[in-house]
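Spelled out from the first residue to the last, the chains are:
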There are 2 protein chains.
Amino acid sequence: MKQFSDLTPSAERIVDAAEGLIQTLGYNGFSYEDVAKIVGIRKPSIHHHFPSKMELGAVVAQRYTHRFREALLHVEGTVSKAPARLRAYADLFEATYEKSRRLCICGMLGAEADSLPQEITAQVKRFFSVNLEWLTTVFAEGMAEGSLKSGHSAAELAEAFMCTLEGALVVGRGWPQAHGPRRSAEVLLAALAP
Amino acid sequence: MKQFSDLTPSAERIVDAAEGLIQTLGYNGFSYEDVAKIVGIRKPSIHHHFPSKMELGAVVAQRYTHRFREALLHVEGTVSKAPARLRAYADLFEATYEKSRRLCICGMLGAEADSLPQEITAQVKRFFSVNLEWLTTVFAEGMAEGSLKSGHSAAELAEAFMCTLEGALVVGRGWPQAHGPRRSAEVLLAALAP
DNA sequence: GTCTATACTTGGATAGAC
DNA sequence: GTCTATCCAAGTATAGAC
């Protein structure tokens, strides 16, 4: 498949535009025409870089996951204790939320999964796998170091935590008074404090 | 606006079909042709009952919220303690999840909100308001009766709880190994046990 | 209430010139 | 890399007969 890493500058602007459109309108809600308007070129020029919409969607998801992994690596390098790492993780979602209440790309694509080509849903699965693996490790460390209450397995805690954050983005779009992912994460982490 | 309560039998079958389609494909992902195939009639016959797609979507959301309220009323009537009520609430989401991993109608429409007409997003807002109000009351009762740990406000707990359940449905679609809303709710409620 | 026929628009995609 | 021109399919919607 096409790699996001060898995108030309034009291709990158297209991916930027598509990313924002998927986050707000969904994959089925945006068109090449929308992208063209944002980038300032014409529809067929988009096709020159991404022959099919499916390819464009897959690259958007791929790049998104890659950037998320970079952010996770950065958290590992700069934050040591488990609860603080989880708060830093929640802040990644909060940052998305603050950008005019955008959705997580893979939350949106996950919701739409049944109407998407396999090439895209595969990227979505990978995003969730990567995140849950990372969170599971952090929860396990937290329980081992005694900074998090145990009771359920690290994997179960990780899944619940991620669901809360993904859900907070969804609810945040549908309900204007919502408080966003950071707040809900705080509620959970307070309950899990030993 | 059209009331779901005075739907003719044909109109009801159309709403049934549209509900399932929105839950799996999203509002932007289904067409009148899809509905026609399921119901076994032709496209223009759908228009006879619902002149525009927007009306159909709004009625689907309206009926969904109404049924949810009935379910909440039933829980109030049959379950007394707060933690048990919250588990019964989570089971409403679990039931949706078990139906081939369908999404909450308003979770899906909430995600797609920016590409939807106001008539539909208004219904989505109402769904979340109704649910959060009910959950807030239950959490408040739980804290009052001592069956739930306090620390955050009932409203904050309610929001976090609902986000977890909505998120569990989204993650469940994108990640096949997911365990569903009941499991994540259990993790949260265990952490909130006094 | 349902049908056929049809209008109009948009969306994804290709050909070929510059 | 970008454009104009164009194709074809699909999607929403309407008119009018049965």
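Located above this text is the structure these notes cover.
The sections below set out a description of the structure shown in this document. (Residues numbered from 1 in each chain as written. Chains lettered and ligands numbered in written order. Predicted model: local features only at pLDDT ≥ 70, side-chain atom pairs only at ≥ 80, totals over all residues. Heavy atoms only, no water.)

### Here's the deal with the protein's contact with DNA strand D
So the rule is basically this: Distances are taken per atom, and a residue is near a molecule or strand as soon as one of its heavy atoms is within 4 Å of it. Throughout this description, a polar contact denotes any pair of N or O atoms lying within 3.5 Å of each other; where both atoms belong to protein, one of them has to be capable of donating a hydrogen while the other can accept it, and for residues adjacent in sequence the pair is counted only when both atoms sit in side chains. Helix and strand assignments follow DSSP, with helices taken as H or I runs no shorter than four residues and strands as E runs no shorter than two, numbered in order from the N terminus.
Not every one of the 17 residues close to DNA strand D is listed here, only the nearest: Thr-8, Arg-42 and Ser-45 of chain A together with Lys-43 and Lys-53 of chain B. Backbone atoms, meaning sugar plus phosphate, form 57% of the atoms of DNA strand D positioned within 4 Å of the protein. Within the backbone of Arg-42 of chain A, a nitrogen or oxygen atom sits 2.6 Å from a phosphate oxygen of DNA strand D. His-47 of chain B places a polar side-chain atom, nitrogen or oxygen, 3.2 Å from a base nitrogen of DNA strand D. Mapped onto the surface near DNA strand D, the elements with two or more residues apiece are α3 (43-49) of chain A together with α3 (43-49) of chain B.

### Re the interface of chain B and chain A
Here is the rule: Should any heavy atoms of two residues lie within 4.5 Å, those residues are counted as being in contact. Buried area: the accessible area, evaluated with a 1.4 Å probe, that two parts lose upon being put together, summed over both parts. We count a salt bridge whenever a side-chain nitrogen from Lys or Arg sits within 4 Å of a carboxyl oxygen from Asp or Glu.
The interface is formed by 46 residues belonging to chain B together with 46 residues belonging to chain A. For the chain B face of the interface with chain A, the top three residues by lost area are Glu-159, Trp-175 and Val-187 of chain B, together amounting to 15%. Connecting chain B to chain A are four salt bridges. For the salt bridge of Glu-156 of chain A with Arg-183 of chain B, the shortest nitrogen-to-oxygen distance reads 2.6 Å. Our count for the chain B to chain A interface comes out at 13 residue pairs in polar contact (both at pLDDT 80 or more). Tallying contributions element by element places helix α8 (residues 154-174) of chain B first for the side of chain B that touches chain A, with 14 residues.

### Concerning the protein's contact with DNA strand C
In the vicinity of DNA strand C, 17 residues are found, and the nearest of them are Lys-53 of chain A together with Thr-8, Arg-42, Ser-45 and His-49 of chain B. A share of 60% is what sugar and phosphate atoms reach among the atoms of DNA strand C within 4 Å of the protein. In this structure, Tyr-32 of chain A approaches DNA strand C through a main-chain N or O atom, which is 3.1 Å from a phosphate oxygen. His-47 of chain A places a side-chain nitrogen or oxygen 3.1 Å from a base nitrogen of DNA strand C.

Such coordinate-based values are descriptive only and should not be taken to indicate function.
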